[in-house]
Amino acid sequence: MTQQTTQHTSAWVAFTYASFIGAATMVAGGILFLPLDLWTKAYLAMGVTMLVQSCITMVKTVRDVHEGKRLVNRIEDARAERLLMEMGKE
């Protein structure tokens, strides 16, 4: 039974943070410079904020489901391996 874990490089982590900050800055700047009333800009900003929060929640949920399935598979593999070892001893 092999256990594989992927480790992200520091360059990749920095790139993801920079990408998020760049995208958020561009959207905020776009909303700020729109020729609209303040309440309309606030509404758009609130929508973008809720969209980002929903994306973060969805990604966390998908990751948790994946990790949960991986743990269940490891438990099933360990049971199968134990049964095979017991059968081999007989």
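Conventions adopted
- Residues numbered from 1 in each chain as written.
- Predicted model: local features only at pLDDT ≥ 70, side-chain atom pairs only at ≥ 80, totals over all residues.
- Heavy atoms only, no water.
- UniProt positions renumbered as here; feature names shortened; annotations may be inferred.
- Helix = DSSP H or I, 4+ residues; strand = E, 2+ residues; numbered from the N terminus.
- Buried < 20%, exposed > 50% of the residue type's maximum accessible area, 1.4 Å probe, protein only.
- Lys, Arg positive; Asp, Glu negative; His and termini not counted.
- Salt bridge = Lys/Arg side-chain N within 4 Å of Asp/Glu carboxyl O.
- Polar contact = N/O pair within 3.5 Å; in protein donor to acceptor, adjacent residues only side chain to side chain.
- Contact = heavy atoms within 4.5 Å.
- Axes fitted to C-alpha atoms, helices over the stretch in contact; angles between N-to-C directions.
- Parallel < 35°, antiparallel > 145°, perpendicular 65-115°, else oblique.
- Left-handed = near helix turned anticlockwise from the far one by under 90°.
- Nonpolar A, V, L, I, M, F, W, Y, C, P; charged D, E, K, R; others polar.

If you look the chain up in an unreviewed UniProt entry, it shows as YiaAB two helix domain-containing protein from Methylobacterium aquaticum.

1. Overview of the UniProt feature "domain: YiaAB two helix" (unreviewed entry) in the chain
UniProt tags residues 12-64 as "domain: YiaAB two helix" (unreviewed entry). Along residues 12-64 the backbone is 91% helical and 0% strand, and the end-to-end C-alpha distance reaches 21 Å.

2. Looking at the UniProt feature "transmembrane region" (unreviewed entry) in the chain
Per the UniProt record, "transmembrane region" (unreviewed entry) is annotated on residues 12-36. Here residues 12-36 runs as 84% helix and 0% strand, with 37 Å between its end C-alpha atoms.

3. Here we look at the side chain of lysine 41
In this structure, lysine 41 sits in helix 2 (residues 38-89). The side chain of lysine 41 is buried and forms no salt bridge, while aspartate 37, the nearest opposite charge, is found at 8.3 Å. Separated by 2.8 Å, the side chain of lysine 41 and the backbone oxygen of leucine 32 make a polar contact. Non-local contacts of lysine 41, meaning those with residues more than four positions away in its chain, are made with Ile31, Leu32, Leu34 and Leu36.

4. Description of the packing of helix 1 (residues 10-32) against helix 2
Between helix 1 and helix 2, whose axes approach to 9 Å, the crossing angle comes to 160°. One way to sum up the angle between helix 1 and helix 2 is to call them roughly antiparallel. Helix 1 and helix 2 meet at a crossing whose hand is right-handed. In contact with Phe20, Val27, Ile31 and Leu32 of helix 1, helix 2 contributes Lys41, Leu44, Ala45, Val48 and Val52. Broken down by class, the residue content of the contact of helix 1 with helix 2 amounts to 8 nonpolar, no polar and 1 charged.

5. Describing the environment of methionine 87
Looking at where methionine 87 falls in the secondary structure, it is placed in helix 2. For methionine 87, a relative accessible area of 58% translates into the label exposed. Here the alpha-carbon distance between methionine 87 and tyrosine 43, two residues 44 residues apart in the chain, equals 66 Å.

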